[in-house]
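# An overview of the molecular structure
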There are 2 protein chains.
Amino acid sequence: MSGSSNSPGPTAAERPLGFARLRDLPGHRLDRHGQPPLPLDCGVALGDLTIAYQTYGQLNADRSNAILVCHALTGDQFAAEQHPVTGKPGWWQRVIRSGGPLDLARYHIICANVLGGCMGTTGPTEVNPATGEVYGLRFPVITIRDMVRAQKLLIDHLGIDRLFAVIGGSMGAMQALQWAVDYPERVFAVVPIAGAARHSAQNIAFHEVGRQAIMADPEWCGGDYLRQGKRPERGLAVARMAAHITYLSEPALHRKFGRTLQNRAHVTYGFDADFQVESYLRHQGSSFVERFDANSYLYITRAMDYFDLAGDHGGVLANAFRGSVARFLLISFSSDWLFPTPDSREIVHALNAVAARVSFVEIETDAGHDAFLLDVPEFWRTLTGFLDGAAEQRGIVRP
Amino acid sequence: MSGSSNSPGPTAAERPLGFARLRDLPGHRLDRHGQPPLPLDCGVALGDLTIAYQTYGQLNADRSNAILVCHALTGDQFAAEQHPVTGKPGWWQRVIRSGGPLDLARYHIICANVLGGCMGTTGPTEVNPATGEVYGLRFPVITIRDMVRAQKLLIDHLGIDRLFAVIGGSMGAMQALQWAVDYPERVFAVVPIAGAARHSAQNIAFHEVGRQAIMADPEWCGGDYLRQGKRPERGLAVARMAAHITYLSEPALHRKFGRTLQNRAHVTYGFDADFQVESYLRHQGSSFVERFDANSYLYITRAMDYFDLAGDHGGVLANAFRGSVARFLLISFSSDWLFPTPDSREIVHALNAVAARVSFVEIETDAGHDAFLLDVPEFWRTLTGFLDGAAEQRGIVRP
């Protein structure tokens, strides 16, 4: 039976160790128990899929105002509300709000935890109903396309024929692009922010460092830590620290921290966090492990590494977009060195080559890749302006 | 008694576990046993200092042709010969050779393992003669200035009043600058390559990730691994992998690896090294641990983090160079994002402000920070040209 509910999810006995605190996560679930399994790129068909998602704002009568927001690597479905685990504001709460760029008075926002995630959607932390055991590394390796396939099931279930927009930053941008490629008739507008059509060698390298840090932690137990009542927290924290540097820019780090010492007048000639930037990084690592699962980190980074739209289309990126009827807005940030502007421009060129409707803006900021999560007025104005115009074309009434 | 010898170093009983293979390292030793201890920035005075060093080429009669080459974080004194541990060519063997930029027919090259290193110079892997135990974390935290103080003892011991040049890349550039600041009358020419006058927040952050990876490894044993017969190889490998990415450039990684798969036609949907760049990084990590010590990595990265010439001189970098009489050549590489060109330019401006003799060249290359180790013809020509001119002024005869 398939259905959406506000159920607290699997019972305590079904949930793995370590992530016990997540067992009572609030929110919607699409439970596809008994439905046909989801075929994945790796060849496996995934049965008993659960998708955890949140919605914000009202769906209008003709179901034309739905925006799917796709989260990034370590994001989740709690985009516009206090996070039930961390207690912090949602990662896009300042964007998704009444009067905001994703105006809750006008749009219906859907945000789902990605396949492979650890906030309720089926992933390596979940129990495989077929075996009664936690998946761990027995979970199949997934791709961005698989994530989007799962989202498509959710959108079908919600009775939405055509999304007004698919929007996402970073890995969310990859998903938005994949929607445009795989389901062109199901999206009216597509907004990939700080993204790319393929993961670069340098980005694969950074991901590999993170994975190696996790797998080097003896508490990882060959991926079987949940069954053994352990968690590779130190390895996961190191992975997060390395990744976090890539989300910022050198000028932003210099502006925020420089060489300022942490609550001390002089260096201590030791290995404590003498510098503020060290203390900040350590905090990033230790707070991350409280809300994220190490195996999920492996799977989701791998999905990003495998992403290569041109590779999927005979090496010609434009071919990926031949069926596109959507309007595109590409946004990049000038100081983003993880997904730099040329990555977005490459997509624009491919869209131009198939005469797609495409707008492109590089936002000047020193905030680096993380700019898509921050208050960057020009970014918000660009997003608002594009959505206003598209909404008018789509006949979505202004509130 | 102080003396230089080709002795094989401490006996097996004196050498720590794990690094047993290094006990028979060839080369010169300056053993300062019984001499006054070396005062360090942290306030400790270090007794019984040993400095392991190599020399290449002949010292001329008036001892005017000596060049001190300062190695980088993971380099060592075996700059221009087959490495006794790895069997590979020396890290600057293509630069230090007859007819090369550091012409062995003309110059006498000295290269010493830095204080805190693990190739024979006193550092955390060595036995503290006062206690008979391996230093480990009981070794005092050192600075770049301390490294240069130790080198100065060596140069005194060798009877060289004035070095013709001090040359180094990366951390070697920091040492070259420190020589110019602390012993201005002892250096005729100074060549800091791909360096900076202070370690940036981003660079401290990357070092901190590496240190956390090492300290997260249970085999690190709170720094006491050598006494316990263990080695934190996995943590050290992760530290190396993260650092190695910063030594390259995104274009170089793209050119060398792109998204090319490693000995396979298709991705495997797993966590093996599907991509060449992953395989390459893993190799960098695993080969590094065979030649480097984890605690040395902590100490030397810390010394770099603490480096801040302006901070040492009232916040005004120019003040550091007020006593300078040397000729300077600054070299940066256009694609180096670890020590980018503006870092070198800042030094040039400070030197200009005190009317120092300074030349500056930014070399166009996509090779990133590691360019100083590679065959980059314009770099070699620049180095050769500067040294030729300086040697003429110094009266060093052309071979």
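Along each chain, residues carry numbers from 1 onward, in the same order as the chain's sequence is written. For this description, chains carry letters from A and ligands carry numbers from 1, given in the order in which they are written. Where local features are concerned, this predicted model is filtered to residues with pLDDT of at least 70; where side-chain atom pairs are given and counted, the filter is 80 or more; whole-chain, interface and lining totals use all residues.

As a further point, take the overall build of chain A. Of regular secondary structure, chain A possesses 10 helices and 15 strands. The globule rule used here is 2.2 Å times the number of residues to the 0.38 power, and the radius of gyration it is set against is calculated over C-alpha atoms. Its C-alpha atoms give chain A a radius of gyration of 21 Å, near enough to 21 Å, the size a compact globule of 399 residues would have. Its C-alpha atoms put chain A at 65 × 50 × 45 Å along the principal axes. Partly exposed residues are those falling between the two cut-offs: more than 12 but fewer than 20 other C-beta atoms within 10 Å of their own, whereas 20 or more means buried and 12 or fewer means exposed, with C-beta atoms placed from the backbone. Taking all 399 residues of chain A together, 56% fall into the buried category. For helices the rule is a DSSP run of H or I covering at least 4 residues; for strands it is a run of E covering at least 2, with both sets numbered from the N terminus onward.

Let us look at the packing of helix H4 (residues 233-247) of chain A against helix H3 (residues 201-216) of chain B. Orientation is described by lines fitted to C-alpha atoms, with helices fitted over the stretch in contact, and by angles between N-to-C directions that extend from 0 to 180 degrees. Contact geometry for H4(A) and H3(B): axes closest at 10 Å, N-to-C directions at 170°. When the interaxial angle is binned, H4(A) and H3(B) end up roughly antiparallel. Crossing angle aside, the handedness with which H4(A) passes H3(B) is left-handed. Here A:Arg234, A:Gly235, A:Val238, A:Met241, A:Ala242 and A:Ile245 of H4(A) come into contact with H3(B), specifically with B:Gln202, B:Ala205, B:Phe206, B:Val209, B:Gln212, B:Ala213 and B:Ala216. By the convention adopted, Pro, Cys, Tyr, Trp, Phe, Met, Ile, Leu, Val and Ala count as nonpolar, Lys, Arg, Asp and Glu as charged, and the other residues, Gly among them, as polar. Partitioned by chemical class, the residues of the contact of H4(A) with H3(B) number 9 nonpolar, 3 polar and 1 charged. In these notes the angle categories are as follows: under 35 degrees is roughly parallel, over 145 is roughly antiparallel, 65 to 115 is roughly perpendicular, and the rest is oblique. Should the near helix be turned anticlockwise from the far one by less than a right angle, the crossing is termed left-handed; should it be turned clockwise, right-handed. Whether two residues are in contact is decided by their C-beta atoms, placed from the backbone, lying within 7 Å.

This paragraph deals with the interface of chain A and chain B. On the side of chain B, 42 residues touch chain A, which itself brings 41 residues to the contact. At 11 residues, the largest contribution of residues to the side of chain A that touches chain B is made by helix H3 (residues 201-216) of chain A. Its residues assigned to classes, the side of chain A that touches chain B shows 24 nonpolar, 7 polar and 10 charged.

These two copies of the chain differ by a rotation about an axis and a displacement along the same axis. After a rotation of 180° and a shift along the axis of 0.0 Å, chain A superposes on chain B with an RMSD of 0.0 Å. Look at the turn and shift together and you get a two-fold axis relating the two. In this assembly the copies share their binding face: 100% of the residues contributing to the interface of chain A also contribute to that of chain B. The copies were overlaid with a least-squares fit restricted to C-alpha atoms from residues scoring a pLDDT of at least 70 in each copy.

Take the domain arrangement of chain A next. Interfaces are often described in size by the accessible area the parts lose on coming together. All names here are of chain A. You can read the domains of chain A as domain 1 (3-202 + 308-394) and domain 2 (205-301). An automatic or database domain assignment provides the domain bounds reported here. For domain 1 versus domain 2, the distance between C-alpha centres works out to 25 Å. Facing 31 residues of domain 1, the contacting portion of domain 2 comprises 23 residues.

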